[in-house]
Amino acid sequence: MIKKVLVGDEKYKVLIGKNDIFKNYLPDSIKNNKKIFIISDKNIPTKYIELIKRPITSSKVVNIHKIKAGEESKSFSNFQNILNKLAKKKYDRSDCIIAIGGGVVGDLSGFVAASYMRGIDYIQVPTTLLAQVDSSVGGKTAINIESGKNLVGAFKNPKLVLISSSFLKTLPDREFKAGIAEVIKYGLIYNKKIFKIFQKNCKLILQKKPKIIEDLIYESVKTKAKIVTEDEKELGIRAVLNFGHTYGHALEAQSNYKNILHGEAVAMGMRMASKMSMLEGHINKDDYEKITDLFDALKFSKNTSNSYSDLKKFIMTDKKVKNGNINLILLKNIGESFQTQKFDMENFKRSFS
Ligand SMILES: NC(=O)c1ccc[n+]([C@@H]2O[C@H](COP(=O)([O-])OP(=O)(O)OC[C@H]3O[C@@H](n4cnc5c(N)ncnc54)[C@H](O)[C@@H]3O)[C@@H](O)[C@H]2O)c1
Ligand SMILES: [Zn+2]
């Protein structure tokens, strides 16, 4: 049984299932008519790429381009290399790109798809939990430049997103947990059902039990789809997706983007943003403790070494600071959030400890 979510005004489909999803749901137009350009990274098991290629007619041209794994690959030089390769191999606008990998492959491929000949179709096959619940849904694509991460990009929706939860079997545990942080985020900001699933099933989740992981992917995609469909160009409500991220980005920047994964920093940031929500009187102590208990049970670390003054300069240069005002996402309840620029600075400082 597959699960389906429709996203955005274009109503593209996100399909969630197991490995047979490719045989059954790769569209006929892809199987029969088009030239295919696959972008992946060198850590992605070859068997996944084979599985996706298998239903595509054998006489058809399929090129595979593998980038080095890691954030550095979201680069201008990779972007340019791929565009040149597409042009040399005479791809045109009726052809299609398939991105098979985590958020790095997805973001780079999406920006290539947005740019090549002013836009060609692409399909996302996300292989990390983070990419399955977050980066493959919502149409944001980007590369990094010297001056900053994700500074160059475009909004470009994929034609289709195909998710096999079976791919997570080979994902390193640390990467898996980084994705879990974003799933908890959906539970805290919008979807209490997710939070309840976590409270009941922590152990099974850490053991990556397929049924429960698939439920979490589905609930997460549904939540992100709901939020981004309401606000495709990020003018309003989509900001709640940044819960924990003002703190988290500062922690990532402080460590020079080394030794800490994005999800790990966001988990610390969500503890801090939850504390801030309590200090400002929006959630009670009981709910705050439920949240910290969950992060403890899942063995997410706390921020113990960085005070407000250590992180201040990174907070003030974050993209979310406008006219010197910090935009914070706070909780009204577990499962309900809002954006504000009005808060007590002393509480904000205390939320770091
Ligand atoms: N576009 C968006 O809306 C959005 C949202 C969130 C994050 N992002 C971007 O996503 C990127 C992070 O994505 P990520 O966390 O998926 O990292 P990633 O793409 O670097 O993948 C993490 C690691 O896991 C490996 N891997 C991936 N799938 C695997 C599998 N099934 N088995 C074994 N190894 C596997 C990768 O090769 C890599 O080494 C960042 O660049 C971030 O900016 C984008
Ligand atoms: Zn994030």
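This one's a predicted model, so the numbers in the text were calculated from it and none came from an experiment.

What counts as what
Positions within a chain are numbered from 1, following the residues in the order the chain's sequence is written. Note on labels: chains are lettered from A, ligands numbered from 1, in written order. With the structure being a predicted model, the display of local features is reserved for residues of pLDDT at least 70 and the display and counting of side-chain atom pairs for 80 or more, all residues being used for whole-chain, interface and lining totals. Under the scheme used here, helices are H or I runs from DSSP no shorter than 4 residues and strands are E runs no shorter than 2 residues, and both carry numbers assigned from the N terminus. Computation of the radius of gyration draws on C-alpha atoms alone. For the globule rule, the value is 2.2 Å times the number of residues to the power 0.38. Here a residue counts as buried when 20 or more other C-beta atoms fall within 10 Å of its C-beta, as exposed when 12 or fewer do, and as partly exposed in between; the C-beta atoms come from the backbone. Strands are labelled as partners when DSSP assigns at least two bridges between them. Note on geometry: axes are lines fitted to C-alpha atoms, helical ones only across the stretch in contact, with angles between N-to-C directions running from 0 to 180 degrees. Small angles under 35 degrees read as roughly parallel and large ones over 145 as roughly antiparallel, with 65 to 115 read as roughly perpendicular and the rest as oblique. Two helices crossing with the near one rotated counterclockwise from the far one by less than a right angle form a left-handed crossing, whereas a clockwise rotation gives a right-handed crossing. Once C-beta atoms have been placed from the backbone, residue pairs whose C-beta atoms lie within 7 Å are recorded as contacts. Throughout this description, a residue near a molecule or strand is one whose C-beta atom, derived from the backbone, lies within 6 Å of it. Basically, the charged four are Asp, Glu, Lys and Arg, the nonpolar ten are Ala, Val, Leu, Ile, Met, Phe, Trp, Tyr, Cys and Pro, and anything else, Gly included, counts as polar. Boundary definitions for the domains trace back to an automatic or database domain assignment. Nonpolar core, as used here: buried Ala, Val, Leu, Ile, Met, Phe, Trp, Tyr and Cys residues forming one set through C-beta atoms within 7 Å.

### Looking at the overall build of the protein
So, point 1. If you tally the helices and strands in the protein, you get 14 helices and 13 strands.
So, point 2. Taking 20 Å as the expected radius of gyration for a compact globule of 353 residues, we find that the protein reaches 20 Å, a close match to that expectation.
So, point 3. For the C-alpha atoms alone, the extent of the protein along its principal axes is close to 65 × 40 × 35 Å.
So, point 4. Every one of the 353 residues in the protein was classed for burial, and the buried ones make up 43%.

### Examining the environment of Glu146
So, point 1. Among the structural elements, Glu146 can be located in the loop between β7 (140-145) and β8 (148-155).
So, point 2. On the basis of neighbour counts, which here come to 7 C-beta atoms within 10 Å, the residue Glu146 falls in the exposed class.

### Here we look at the sheet that holds strand β4 (residues 62-67)
So, point 1. Taken together, seven strands build an open sheet; the order of strands is β1-β2-β9-β6-β5-β3-β4 and the sheet is mixed. Of all the strands in the sheet, just β1 (3-7) and β4 have a single pairing partner and so form its edges. Strand-to-strand twist across the sheet, computed as the mean angle between neighbouring axes with direction ignored, equals 15 degrees.
So, point 2. Relative to strand β5 (residues 96-101), strand β3 (residues 36-41) runs parallel, the two sharing five bridges.

### Here we look at the packing of helix α8 (residues 192-206) against helix α9 (residues 210-230)
So, point 1. Remark: α8 packs on α9, axes separated minimally by 11 Å, with the N-to-C direction vectors making an angle of 155 degrees. The angle between α8 and α9 falls in the class roughly antiparallel. Every pair of crossing elements has a handedness; the one defined by α8 and α9 is left-handed. Together, Lys193, Ile194, Ile197, Asn201, Leu204 and Ile205 of α8 and Ile212, Asp215, Leu216, Glu219 and Ser220 of α9 make up the contact between the two elements.

### Quick look at the site of ligand 1
So, point 1. Taken together, 27 residues lie near ligand 1, and Asn43, Gly102, Gly103, Thr128 and Ser135 sit nearest.
So, point 2. Each residue belonging to the shell around ligand 1 can be placed in one class, and the counts come to nine nonpolar, 11 polar and seven charged.

### Side note on the pairing of strand β13 (residues 336-340)
So, point 1. The pairing of strand β12 (residues 328-333) with β13 spans five bridges and is antiparallel. Each residue of the ladder has a partner; that of Leu328, found in β13, is Thr340.

### Regarding the domain arrangement of the protein
So, point 1. With domains assigned, the protein is organised as domain 1 (3-170) and domain 2 (173-350).
So, point 2. Relative to domain 2, the C-alpha centre of domain 1 lies at a distance of 27 Å.
So, point 3. Between domain 1 and domain 2, the contact holds 20 residues from the first and 23 residues from the second.
So, point 4. For the side of domain 1 that touches domain 2, the secondary-structure elements that each account for two or more residues are β1, β2 (12-17) and α6 (129-135).
So, point 5. If you tally residues by element for the side of domain 1 that touches domain 2, the top one is α6, at five residues.

### Description of the pairing of β3
One face of the sheet, then the other: side chains in a regular strand alternate in exactly this way.
So, point 1. With five of its six residues buried, β3 lies for the most part within the structure.
So, point 2. For β3 and β4, the ladder comprises six bridges, and the chain directions are parallel. Along β4, the bridge assignment pairs Asp41 with Ile67.

### Observations regarding the nonpolar core
So, point 1. Among the nonpolar cores identified, the biggest contains 92 residues, and Ile97, Ile98 and Ile100 are the most heavily contacted of them.
So, point 2. For this core, the element with the highest residue contribution is helix α11 (residues 262-279), accounting for nine residues.
So, point 3. Taken domain by domain, the makeup of this core includes at least three residues from each of domain 1 (3-170) and domain 2 (173-350).
So, point 4. Other than its neighbours up to four places away in sequence, Ile98 contacts Ile36, Ile38, Ile52, Ile123 and Val125.

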